[in-house]
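Residues per chain, in single letters:
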Amino acid sequence: MPAPTGRHHFAFYSMRWASDMIRIDDILDAVRSYHSDADLDAIRKAYVFSAKVHLGQTRLSGDPYMTHLLEVAYILTRLHMDVPTVVTGLLHDTLEDTLTTEEELRELFGPEVAAMVDGVTKIGKYAFRTSEERQAENFRKMLLAMARDLRVIMIKLADRLHNMRTLAHQAEKARLRIAGETRDIYAPLANRLGISWIKSELEDLAFAYLEPDEYQLLADKIAQQQAERDTYVTRVKQRLETLLAEHKINGLVQGRLKHLYSIHNKMVLQQLEYEQVHDVIAFRIVVPSLPDCYAMLGVIHSCWKPVAGRFKDYVAMPKANMYQSLHTTVMGPGGQRMEVQIRTDEMHRIAEEGIAAHWQYKEGGGSSRNGDMARFSWLRGLLEWQQELKDSSEFMNTVKVELFPEEVYVFTPNGDVKELPKDSTPVDFAYSVHSDIGHHCTGAKVNGRLVPLKTILRNGDSIEVMTSPNQTPSKDWLRFVKSSKARNRIRYWVKEQERQRSLEIGKEILEKDLRKYNYSFNRAFALDSMEKTLADLGLKSTEDLLAAIGYGKLTSGQVLNRLLPEGDRKSVTKPGRLTKVLEKIRKKPTGAVRVQGMDDIMVRFAKCCKPLAGDPIVGFISRGKGVTVHVSDCPHVLETDPARRIDVTWDTGKESSRPATIKIYSNDQKGMLANLSSAVSQCEANIIRANAFSTAEGRGVFSFEVEVRDLDHLKRVMDVIRKVKGVHKVERVLFGQ
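Given the structure is predicted, the values throughout are model-derived calculations rather than measurements. (Residues numbered from 1 in each chain as written. Predicted model: local features only at pLDDT ≥ 70, side-chain atom pairs only at ≥ 80, totals over all residues. Heavy atoms only, no water.)

(A) Inspection of the overall build of the protein at higher detail. A count of helices and strands for the protein gives 30 helices and 21 strands. By residue count, 50% of the 737 residues in the protein fall in the buried class. The contacts in the protein between residues at least 6 apart in sequence include a share of 67% that link residues at least 24 apart. For the protein, the accessible surface area stands at approximately 35,900 Å², while carbon and sulfur atoms represent 48% of it. (Helix = DSSP H or I, 4+ residues; strand = E, 2+ residues; numbered from the N terminus. Buried < 20%, exposed > 50% of the residue type's maximum accessible area, 1.4 Å probe, protein only. Contact = heavy atoms within 4.5 Å. Areas by Shrake-Rupley, 256 points an atom, 1.4 Å probe, with all protein chains shown as cover.)

(B) Seen up close, the side chain of Thr-100. Mapped onto the elements, Thr-100 comes out in the loop between helix H5 (94–97) and helix H6 (102–109). Residue classification places Thr-100 among the buried residues on the basis of a relative accessible area of 7%. In this structure the side chain of Thr-100 is engaged in a polar contact, spanning 2.8 Å, whose partner is the side chain of Thr-98. (Polar contact = N/O pair within 3.5 Å; in protein donor to acceptor, adjacent residues only side chain to side chain.)

(C) Structural view of the nonpolar core. Core analysis: the biggest nonpolar cluster contains 40 residues, and Leu-240, Ile-285, Met-296, Ile-300 and Ile-342 have the highest contact counts within it. The greatest single-element share of this core, amounting to six residues, is contributed by helix H13 (residues 226–246). Apart from the residues lying within four places of it in its own chain, the contact partners of Ile-285 are Leu-240, Leu-244, Leu-252, Val-253, Met-296, Ile-300, Val-340, Gln-341, Ile-342 and Arg-343. Counting 32 residues, the second-largest nonpolar core is a separate cluster that includes Ile-75, Ala-158, Tyr-186 and Leu-205. (Core = buried A, V, L, I, M, F, W, Y, C linked by side-chain atoms within 4.5 Å.)

(D) Highlighting the packing of helix H1 (residues 24–34) against helix H3 (residues 66–78). With their axes 9 Å apart at the nearest point, H1 and H3 run at an angle of 15° to one another. Accordingly, the angle class assigned to the pair H1 and H3 is roughly parallel. As H1 runs across H3, the sense of the crossing is left-handed. Residues Ile-24, Asp-26, Ile-27, Ala-30, Val-31 and Tyr-34 of H1 form the contact with H3, whose participating residues are Leu-70, Ala-73, Tyr-74 and Thr-77. Its residues assigned to classes, the contact of H1 with H3 comprises eight nonpolar, one polar and one charged. (Axes fitted to C-alpha atoms, helices over the stretch in contact; angles between N-to-C directions. Parallel < 35°, antiparallel > 145°, perpendicular 65-115°, else oblique. Left-handed = near helix turned anticlockwise from the far one by under 90°. Nonpolar A, V, L, I, M, F, W, Y, C, P; charged D, E, K, R; others polar.)

(E) Main features of H13. Given a rise of 1.5 Å per residue, 21 residues ought to cover 30 Å, and the 30 Å separating the end C-alpha atoms of H13 matches this to within 8%. Among all positions of H13, only Arg-229, Tyr-232, Val-233, Val-236, Leu-240, Leu-243 and Leu-244 are buried. Taken end-on, H13 shows its buried residues confined to a sector of 110°, consistent with a single buried face. More than 90 degrees from the buried face of H13, the exposed residues found are Ala-227, Thr-231, Arg-235 and Ala-245. Taken together, the buried residues of H13 touch helix H12 (212–224), strand S1 (252–257), strand S2 (281–287), helix H15 (290–303) and strand S6 (337–344). (Expected span 1.5 Å × (residues − 1). Arc of directions from axis to C-beta.)

(F) Structural detail: the pairing of S2. Along S2, seven of the seven residues are buried, which leaves the element largely enclosed by surrounding structure. Residues Ile-281, Phe-283, Ile-285 and Val-287 of S2 are buried on one face, and the alternating residues Ala-282, Arg-284 and Val-286, pointing to the opposite face, are buried as well.

(G) Layout of the sheet that holds strand S15 (residues 626–631). Spatially, S13-S15-S14-S16 is the arrangement adopted by the four strands of the open sheet, whose pairing is mixed. Each edge of the sheet is formed by a strand with only one pairing partner; in this case those strands are strand S13 (603–605) and strand S16 (645–646). (Pairing = 2+ DSSP bridges.)

(H) Just the packing of aromatic side chains, in detail. In the structure shown here, the tally under the stated rule is six aromatic pairs. Geometrically, the ring pair formed by Phe-207 and Tyr-261 is edge-to-face, given 5.8 Å between the ring centres and 65° between the ring planes. In this pair, Phe-207 is assigned in helix H11 (residues 196–210) and Tyr-261 in helix H14 (residues 260–269), connecting sequence segments 54 residues apart. Judged by its relative accessible area of 2%, Phe-207 falls in the buried class. Residue classification places Tyr-261 among the buried positions, given a relative accessible area of 15%. Ring centres of Phe-605 and Trp-650 lie 5.9 Å apart, and the angle between their planes is 10°; this geometry places the pair in the stacked category. Note that Phe-605 is positioned in strand S13 and Trp-650 in strand S17 (residues 648–650), a separation of 45 residues in sequence. Among the aromatic residues, those joined into a cluster by ring pairs are Phe-207, Tyr-215 and Tyr-261. A cation over an aromatic ring shows up here: Lys-45 above the ring of Phe-109, its NZ or CZ 5.3 Å from the ring centre. Sitting above the plane of the Trp-197 ring, Arg-78 keeps its charged end 4.1 Å from the centroid. (Phe/Tyr/Trp six-rings, centres within 6.5 Å; stacked < 30°, edge-to-face > 60°. Lys NZ or Arg CZ within 6 Å of the ring centre and 35° of its normal.)

(I) View of the confidence of the model for the protein. Chain-level statistics for the protein give a pLDDT mean of 79 and a share of 80% at 70 or above. Low pLDDT (under 50) marks residues 359–405, which in the prediction has 92 contacts with non-local residues, meaning those over four places away or in another chain. This stretch, residues 585–590, has a pLDDT under 50; its non-local contacts, to residues over four places away or in other chains, come to 15 contacts. (pLDDT = per-residue confidence, 0-100.)

(J) Seen up close, the sheet that holds strand S18 (residues 658–667). Strands sit in the order S19-S20-S18-S21 across an open sheet of four strands; the sheet is antiparallel. Lying at the two open borders of the sheet, with one neighbouring strand each, are strand S19 (686–694) and strand S21 (727–732). The sheet shows a mean angle of 20° between the axes of neighbouring strands, taken without regard to direction. Both S18 and strand S20 (residues 699–708) contribute to a ladder of ten bridges, which runs antiparallel. Bridge assignment links Tyr-665 to a residue of S20, and that residue is Val-701.

(K) Structural detail: the state of the cysteines. Counted by the stated rule, this structure contains zero disulfides. With no disulfide of its own, Cys-634 lies 3.5 Å from the sulfur of Cys-608, the closest cysteine sulfur. (Disulfide = S-S within 2.5 Å.)

(L) Quick peek at the pairing of S15. S15 sits mainly inside the fold: six of its six residues count as buried. Direction of pairing for S13 relative to S15: parallel, over a ladder of three bridges. Residue pairing across strands places Val-603 opposite Val-627, the latter belonging to S15. Across six bridges, strand S14 (residues 617–622) lies against S15 in antiparallel orientation.

(M) Spotlight on helix H9 (residues 150–165). With 16 residues, H9 should reach 22 Å at 1.5 Å per residue; the first-to-last C-alpha distance of 23 Å fits that figure. Within H9, 15 of the 16 residues are buried, which leaves it mostly tucked inside the rest of the structure.

So this is what it looks like as structure tokens:
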């Protein structure tokens, strides 16, 4: 296919095409125009080096390979990129296409440039293999996440833009693949970064190759109306300039045809013919200040009737990519719809250059950090501001964090991209593919190498999972998996296995005890009293009953006393083996806790949270260990099987002493330990254990384990300690913190 015709619609971008042959002096002049004291020698050095290592290499067009590198560097100057980025533009293919090493680049051009060249090289190795929308979004996110330095993405966009401009020289299959990738990945990426002119040009170029017939048909229709449209634009532009002058606003007016792909998209989405698309012409008014924007909006609406529902205030509500402007559609001269955009100079720069406008603005000075964060609200939560930023180099050197810090993007063996939480492992990946693969996962290869299942995955890793039908999930996996899907599937499997085991144990216990009364299991469960027994015990099914016995929440005696007729219940002299196991853990409770439905079960208190009378509590049944009492929000109990939790309450009729740990922060002064000990004694509490140390800042930190009656008693102890001279803070230590 020949290069796209109908280039008139690209005139708005004022871009140089490859045929214009960029020279190194053009690049130096461009950098000098926005950065007067730039280190131009570094750019000259990169040009000489690149020309040397690429000597003899040509492009498919037959042009020297150096023409591509000069074009990329020149596109970067359009974005007002800093010197290291322009240098990298000249060097970006040296690692991939020459014998140059990263160490050599680091020695000649410094670690900053070497790292960026390496970043561009790595991104270039990944190919997008599907047009599915979600995969495209994941791939875009992965590219952003991989490029810890945002300048790498800018260089890659410049590289892709020039490759698209010269795509006609590729074979047809390659043209379609590259154009599809450009439409699905790189144009939206440019849009996300707010660089509107690159986004528009990439979309139009991709459109020309992916749908050449539709492209040419639309271009021809537009060309047929060229003269009429030029007259209309001139007429409206003059009217707008007159309105600016009448209201003493010093503004600039531009008139343009919307780019082809946006017109085509509108025709497809709204099922319109070209003749039915009315607002194909857009006018832009650039004014000095924000009040001028709204003033000019009022003037336009008083001059032409606005179209209902077609006003957008992106100034008050900026787009996610930082774009700000007022948009309105009005019925212009001749009853023709036209869109008018109104913005300030700064908004216009941001609309054209996106994130690149930020470091340009920084170099110009006069920006406050608060203003930056308001203007770049989309970066909030994505970029970590490390310090006040003074120039472009400092901005891009400090902002080298992932745009998606809570996610990691990895490849399946088929080349699809999977989105996982940060610090995910091969087990998380396996469950993201399918639950059965996760359940039977035995090992994994990351980038072709065998790794442990708890290995943390990195952006761009390629994962292959090995499975075995004999493998089952391990409870230990819960210690390192990060995704909710993996965690839930593993917990569910473990819970089901524990339930099945409890059903078996419960049935075995009940069968043995039923034999003492000359009852078979089936005969007992067929009794009419079974339904009432389940209702009395708050259970829904016989399975729940067996599981409760197996867990230890119920005893077989509690069940049989309700289930069997009174005349059939006889004294038993020889308990079964499993009944003996449960009897071992039974004794009269020694603590001030009541266990729901049980008066003779052993109770112990969890060491992880050390509950006190007055704390909200919950019990957890451990087979063979009775009931362990935890504070209700203890992280350890929240991770347990809910089926093994049981309601417990404090027995207010009984008193008991329990240990509690408190931490005290104070001045490091003589006699402090004695004063604190005295305060505890005043409250009739006992110090079981004490630890103290001094910090480098001259503060004292004390940790006391005290014996108190209940939560109120502990609060009184802490209140008295707070009144000790020199004490700054007193807190209870919970959950092993």
